[in-house]
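Listed below, chain by chain, are the residues.
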Amino acid sequence: MEAVFIPITATIEDDGFSLITDKISHNLTTSDVEIVTTGNRRIPVHSGVLASASPVLMNIMKKPVRRYRGCDSKRVIKILGVPCDAVSVFIRFLYSSSLKEYEMDEYGIHLLALSHVYMVTNLKQLCSKGVVERLTAENVVDVLQLARLCDAPDLCLRSMRLIQSQFKTVEQTEGWKFLQEHDPLLELDILQFIDDAESRKKRRRRHKREQNLYMQLSEAMDCIEHICTQGCTLVGPSNAIDNNNTKSMIVEKSKPCKAFSTCYGLQLLIRHFAVCKRRGNDKGCLRCKRMLQLLRLHSSICDQPESCRVPLCRQFKKRGEQDKKMGEDTNWKLLVRRVESAKAMSSLCQSKKNKYEGKAEGIIRIRKELGL
Ligand SMILES: [Zn+2]
Ligand SMILES: [Zn+2]
Ligand SMILES: [Zn+2]
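Quick summary incoming for the structure in this document. (Residues numbered from 1 in each chain as written. Chains lettered and ligands numbered in written order. Predicted model: local features only at pLDDT ≥ 70, side-chain atom pairs only at ≥ 80, totals over all residues.)

Here we take up the sheet that holds strand β3 (residues 75-79). Ordered by their spatial adjacency, three strands build an open sheet running β2-β1-β3, and the pairing between neighbours is mixed. Both outer strands of the open sheet, β2 (42-45) and β3, are each paired with one neighbouring strand and no more. Sheet twist, expressed as the average angle between the axes of neighbouring strands with direction ignored, equals 25°. Bridging between strand β1 (residues 33-37) and β3 involves five bridges; their strand directions are parallel. Residue Glu34 lies in a different strand from β3, and its bridge partner there is Val76. (Pairing = 2+ DSSP bridges. Helix = DSSP H or I, 4+ residues; strand = E, 2+ residues; numbered from the N terminus. Axes fitted to C-alpha atoms, helices over the stretch in contact; angles between N-to-C directions.)

Moving on to the pairing of β2. Direction of pairing for β1 relative to β2: antiparallel, over a ladder of four bridges. Looking at β2, one finds that Ile35 is bridged to Ile43. The turn linking β1 back onto β2 is made up of four residues, and Asn40 within it adopts a positive phi angle of 65°.

Within helix α8 (residues 140-149), the full set of buried residues consists of Val140, Val141, Val143, Leu144, Leu146 and Ala147. Summarising the contacts, the buried residues of α8 are in contact with α6 (101-117), α7 (121-133), α9 (153-165), α10 (167-170) and α11 (174-182). Following α8 by one or two positions, Asp151 adopts a phi angle in the positive range, close to 55°. (Buried ≥ 20, exposed ≤ 12 C-beta atoms within 10 Å, placed from the backbone. Contact = placed C-beta atoms within 7 Å.)

Set out below in structure tokens:
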């Protein structure tokens, strides 16, 4: 058989020119390699095309062809262990770099294995993505095993996540039962992953709950300041906590403020605090205790105690300084820090929002001026 000379060794390092000419001319030139599949199907191919698409195949091409009885013989490459049609699709991809959806449906995992073995990077990326899209509870265990063999981390992770989210179903599959019997280490890895994911979820949830609490406290701090300086619907600044004259606390305000639900609750609390007979009791009243804690928290984050109109702010500041000398309450300090950062976050968000609103207003004004 006549061998066609194609400069194989130069193709990969080239600028792609020889690759293109190879692909264009492969119809015109005679094939010089034969791929043999499991079912003994023989696919004639061109060494130049194969070598330019796969470094592994290029290395094979570099080796001399065994010649029998001095005759020129074609190089034969066996690709076994996958369906014949999958090999055909693989070879076609090496020529055309294209793959049809139904081919991915049918041979996705085989093509992934082939692309890994022959180091065809673009096909491997395509297959990883394609197989991820076709993951089901039924096939996920097999895919995961293959993904690990083929060193496809994204596919591994997505498979793990699917097993985690549908574990009850996956547990019933043949794939899982097979895995339990034959690959206990992988089973352990999967169970570990599920466990880690669950605790990550719990941590996230707890963090969110805490974050919510700090945001609420930060809002309460804003409200206390606002009630004691501007006044809101029920309580005014002049004598926010005035035991003797409850009437003066009622300030007529035309509109409730933005954080009204928090603000309203606080105003009720302040009104209660002002008149509660059990405020100073050791056993105390829970509502008053809560009020005192909020006032103490305010004092801890207040940076202008001298001009501050929030009740007890200066007293708490003084007491705080004394406490500092006695040794610090780390839990309280932590709480204060968290509320401070929540406050900073919310004011940052607010200023961003204002900026956008300002911009939007500007645009509307300009449009009006222009008569648009
Ligand atoms: Zn208010
Ligand atoms: Zn009370
Ligand atoms: Zn203050």
